[in-house]
Amino acid sequence: MKHYEESVIIPASPEEVFNFVDDHTKLSSHMNESSWMMGGGKMNTSIDEKGGKEVGSHIQMSGKVLGIDLYLDEVVTCREPPRLKIWETVGAPKLLVVGSYQMKAEIKPQDEASLLEVSIDYELPTKHAWLGKLFGGFYAKWCVKQILNSPRDYFIK
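Figured I'd write up the structure that's included with this text. It should be emphasised that the depicted structure is a prediction, and the values quoted were computed from it without experimental measurement.

Conventions adopted
Residues numbered from 1 in each chain as written. Predicted model: local features only at pLDDT ≥ 70, side-chain atom pairs only at ≥ 80, totals over all residues. Heavy atoms only, no water. Phe/Tyr/Trp six-rings, centres within 6.5 Å; stacked < 30°, edge-to-face > 60°. Helix = DSSP H or I, 4+ residues; strand = E, 2+ residues; numbered from the N terminus. Buried < 20%, exposed > 50% of the residue type's maximum accessible area, 1.4 Å probe, protein only. Polar contact = N/O pair within 3.5 Å; in protein donor to acceptor, adjacent residues only side chain to side chain. Core = buried A, V, L, I, M, F, W, Y, C linked by side-chain atoms within 4.5 Å. Contact = heavy atoms within 4.5 Å.

Enumeration according to the criterion identifies four aromatic pairs in this entry. Aromatic side chains Y154 and F155 sit 5.0 Å apart centroid to centroid with 90° between the ring planes, which places their arrangement in the edge-to-face category. Taken together, the aromatic side chains of F20, Y154 and F155 make up a single cluster linked through ring pairs.

Here it is as structure tokens:
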């Protein structure tokens, strides 16, 4: 397993930050837009009837990157408002530069603000492992930064 983590202070209460992080339509928006990190492609997000807001809830993403079909199914494994949310891939994700992964968002009160710590623990992909060795670390860092930047930008208007 590889690991990457980073944190940011957000000028909002832990409850407000958790509510943002708990909304996967906001949290995964960086995957739904074409970008150079997505090879010009994008993913479509589908969330089950639990809305990604209960343990056992599923979030699925599918799309194309560099003309290659990608797919993943995530499940929420831990949800302790307003301080902790963990989700991870289940099954065999079809990704290019990372394989199975677990993401964690932890929120800690910080005076009149909140400290948001986001981490990813990931495996290299089984297919195209060489791509994972070259680009997995860059992608993990980008993904964590996107999850930190979304709520930060939302609360710093």
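Mapping D69 onto the fold places it in strand β4 (residues 68-80). Overall, D69 belongs to the partly exposed group, its relative accessible area being 40%. Within the structure, the side chain of D69 is placed 3.0 Å from the side chain of K64, a separation counted as a polar contact.

A separate point is the nonpolar core. Core analysis: the largest hydrophobic core is formed by 35 residues, its most contacted members being V17, V98, Y101, M103, L116, V118 and I120. If you list the elements that add at least two residues to this core, you get β1 (2-10), α1 (14-21), β3 (58-65), β4, β6 (101-110), β7 (113-122) and α3 (129-155). A total of eight residues in this core trace back to one element, the largest contributor, which is α3. The residues contacting Y101, other than those within four sequence positions of it, are L72, E74, W87, E88, T89, L95, I120, D121 and Y122.

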